[in-house]
Amino acid sequence: METGSAVTRRLSLDPAVVAAARDLARRAGQPIVEMARTHTTVSVERAVLRLAGLQGADDDGMPWVNRLTDAVREATGLEHGVALPAWDALRAGGYADLAALARDAAAGRVKFRIPGGADARDARAAATAALARGIGRIDAQRAARDQMIAATSEPPKPWIYLIVATGDIQEDIPQAQAAAREGADIIAVIRSTGQSLLDYVPEGATREGFAGTYATQENFRLMRAALDDVSRELGRYVRLTNYASGLCMPEIASLAGLERLDMMLNDCMYGIIFRDINPRRTFIDQRFSRQIHARAGIIINTGEDNYLTTADAVDAAHTVVVSQLLNEYFGKEAGLADGQLGLGHAFEINPAVPDSFLLELAHAQLVRELFPAAPLKYMPPTKHMTGNVFAGYLLDAFFNLCGVMTDQSILLIGMMTEGIHTPFLSDRDLALENVRYVREAAGRLGESFRPVPGGFIDQRAGQVLGESVELLRRICDDGLLNAIADGTFGITRRPADGGRGLDGVIEQADGYFNPAADILERPQEPLPPPAASPAALSEIGAKP
Amino acid sequence: MTGPAQIVRPYGDTTGDGRVQLSFTLPVPFGTPAERARAEGAAAQLAAKMGLEPAMVVHAKGMGPDFTFFIVYGRVAHLVDLSEVTVAEREFPLLSAAEVNLRIRAGLGRKLVVVGACIGTDAHTVGIDAILNVKGHAGEKGLEYYREIRVVNLGSQVEVPDLVERARAEGADAVLVSQVVTQRDAHISNAREMAGAFAAAGPDRPLLVVGGPRFDPAMTAALGVDKIFGKGTTPREVASYLVHALTPPLPDAAAAGDQDGLPEPAAGEPGAASHAGASA
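Notes on the structure in this doc start here.

## Focus: the nonpolar core
Residue and element names in this part refer to chain A. If you look at the biggest cluster of nonpolar residues, it comprises 166 residues, and the most contacted ones within it are Leu-68, Tyr-161, Ile-186, Ile-187, Ala-256 and Met-264. No other element matches the 8 residues that helix 13 (residues 317-333) contributes to this core. Taken domain by domain, the makeup of this core includes at least three residues from each of domain 1 (52-132) and domain 2 (238-463). Not counting the four nearest positions on each side in its chain, Ala-256 is found in contact with Phe-220, Asn-242, Ala-244, Leu-261, Met-264, Ala-296 and Ile-298.

What follows is the structure, given as structure tokens:
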């Protein structure tokens, strides 16, 4: 993982105010972390089983991890975790593997219990060994990524991020490969819009979706293999992104680690505010999923850009910063390095506002300097794309220009047909032409971009930082869960006991056992340096 | 009817020149000189069949090995008969927030209750939030800002039976449903399903309003709803329509008492307006 290059300081931000903002974010986040440490969720437990290799689904498409977790929950509860009763039953019943156990459990033929004494020790040891193998697979994928990058190349920043979303993985693949050939460094496969509220992860390769393609382990594997092919062809490593947010965050994070996805959308409050997922469920799931991402070397993308799609991008600029600071605190607490924090923001100021481009520069530069080592993800205009595709193309060019001037790390490529239809092949091609032109024409403009101290841009950045500190103070006073419940993050009041998925939250009992969490919480031994042996490389590319 | 011409043609730079521009992609390669010539010929052929005669292929660019993008200018032979254009005119006057509140107070004597949701698999609450949230849209505050409107925003992916039940429990005067996702015409089938469920639930159903960028506002009867709002609808238009449809007209005297703008309860409190921003 990169350590982050030195960022050019262009603003006269007060370091004391910056430090105060971070401190407030930590204080606001700490009670949430304590809650997450002492609770588990059905999805965390299912993720444990997935990491141990349990795959597949019953005839109705319900995954075996759901069937087994539900059976254990019914018999013993999940207060002790799924692993202890599951591996106890696995041993006692002489099952060949978890899938066989799950089949019998679903049929009601397994008696689960919380074992004690030597039985408990044996179950724990077996579970720990299984999870060590599973997490070993994630480590191997991380090393494989490093090897792929060494054998191809790391593209220069900003990385060009492009979305495919046909609903059909077999259509997505050629589109993604075409986009990579045209210059995309990152391919994001948008999920089917219904998936975030499904309390299970669909199985297999899927060819039907609504405004996106289901995130499944097999779809992950197929797309990564296709991008490995095109990475080798281009001599440039093409990253793959998907979405962890929603009710199955820990499971999807696990699958992403196992199948070597490179980036995942994973925001601390997005599911709460935009999807009405229960706040407790979200924060507990989020912590475990981020521990997985940390281990897997996956860069998370946070969702602050969403705040600006209906909010006014000038009035709400500080809410973006507040959320970024919270995401940073939660992310680092879960073990993510600075280089894994793809904090989000967006170019969404109404172009009719005077000095709108200067305001955008101020906001983008502020975020850049607050998080100098973070691979910031900068989102293009959507709200003020009017259907006038010609004006939209110009606005996208200004977005690209702002991105290169302020050293943004990841540029999501704007489409001039935003809001009209899912992009045509030609829309994508024109968008890439736009960013290529800006990069080549003005890619080094940043070295000469020095806002006048005390001038408009400098003052505006300081003002947004000040407003962020004020809002964080209020959140600290209220408590973050109360602040969310009171509608601090918008008119949407999201009480701690409301929303979807609360019935999947369980307080841990004494003796709670989660072998995956135990491994992930341990300080990690440094990974061996990537050795790009030809043998290892052909291994990576091999399709089963 | 006299006045402006009833028969018109597209205008490039001269009256009646009929000049238009379009762009499209054909699944043809643009590699070798022979392929390029064939691709441009294919584009010209399509333009001719679309009524562009003569047509000029001003730009052609290969996109990957299999596709070519074209920009074409040409002259269309078609005439536009303005007398045959039908327009769905707004059947209700646009009211200010003060007028909306006054009409509700005078006409209903209680708050007007609006239940809003995204139904089916649609998780895109951007549209419904833009209409309902105080924050609003296009410089206009949302329905939550109107004192005499009580808003219950159920959010995303609401099941139709839950929506029907909640509308009943809240005593909804109107149900607003927003649909952004349009793949496989999900917006159409979802709206029909909702209308059917309300019809089945009894005779006293609330006013049904749907909105989304891909709806055809003329399809109310086909969908079984009362009103369809398309792209670019503002909260004020929706509020004005609700008042028009749900309250009796005001006597002239009362309407003439044009009120000052309402005080701004939300914006007056420190930080309230910017907090609304975070909800999106």
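## Here we look at unusual backbone geometry
Following Lys-157 of chain A, the chain continues to Pro-158 of chain A via a peptide bond in cis, the omega torsion being -5 degrees. Assignment of secondary structure puts Pro-158 of chain A in the loop between helix 6 (117-151) and strand 2 (159-164). Between Glu-53 of chain B and the following residue, Pro-54 of chain B, the backbone shows a cis peptide bond with an omega angle of 0 degrees. In this structure, Arg-260 of chain A takes a positive phi of about 55 degrees despite not being glycine. The topology assignment puts Arg-260 of chain A in the loop between helix 9 (249-258) and strand 5 (263-265). The exposure class of Arg-260 of chain A is buried, given the 27 C-beta atoms found within 10 Å. The phi dihedral of Asp-355 of chain A falls on the positive side, at around 60 degrees, and the residue is not glycine.

## A short note on the environment of Ala-102 of chain A
All names here are of chain A. One can find Ala-102 in helix 5 (residues 98-106). Residue class for Ala-102 comes out buried when judged on the 27 C-beta atoms lying within 10 Å of it. Sequence separation between Ala-102 and Asp-185 is 83 residues; the distance between their C-alpha atoms is 40 Å. Contacts of Ala-102, omitting those with residues within four sequence positions, involve Leu-54, Trp-64, Arg-67 and Leu-68.

Scoring rules and cut-offs
- Residues numbered from 1 in each chain as written.
- Chains lettered and ligands numbered in written order.
- Predicted model: local features only at pLDDT ≥ 70, side-chain atom pairs only at ≥ 80, totals over all residues.
- Core = buried A, V, L, I, M, F, W, Y, C linked by C-beta atoms within 7 Å.
- Buried ≥ 20, exposed ≤ 12 C-beta atoms within 10 Å, placed from the backbone.
- Helix = DSSP H or I, 4+ residues; strand = E, 2+ residues; numbered from the N terminus.
- Domains from an automatic or database assignment.
- Contact = placed C-beta atoms within 7 Å.

None of the figures reported here should be taken as evidence of function without further support.
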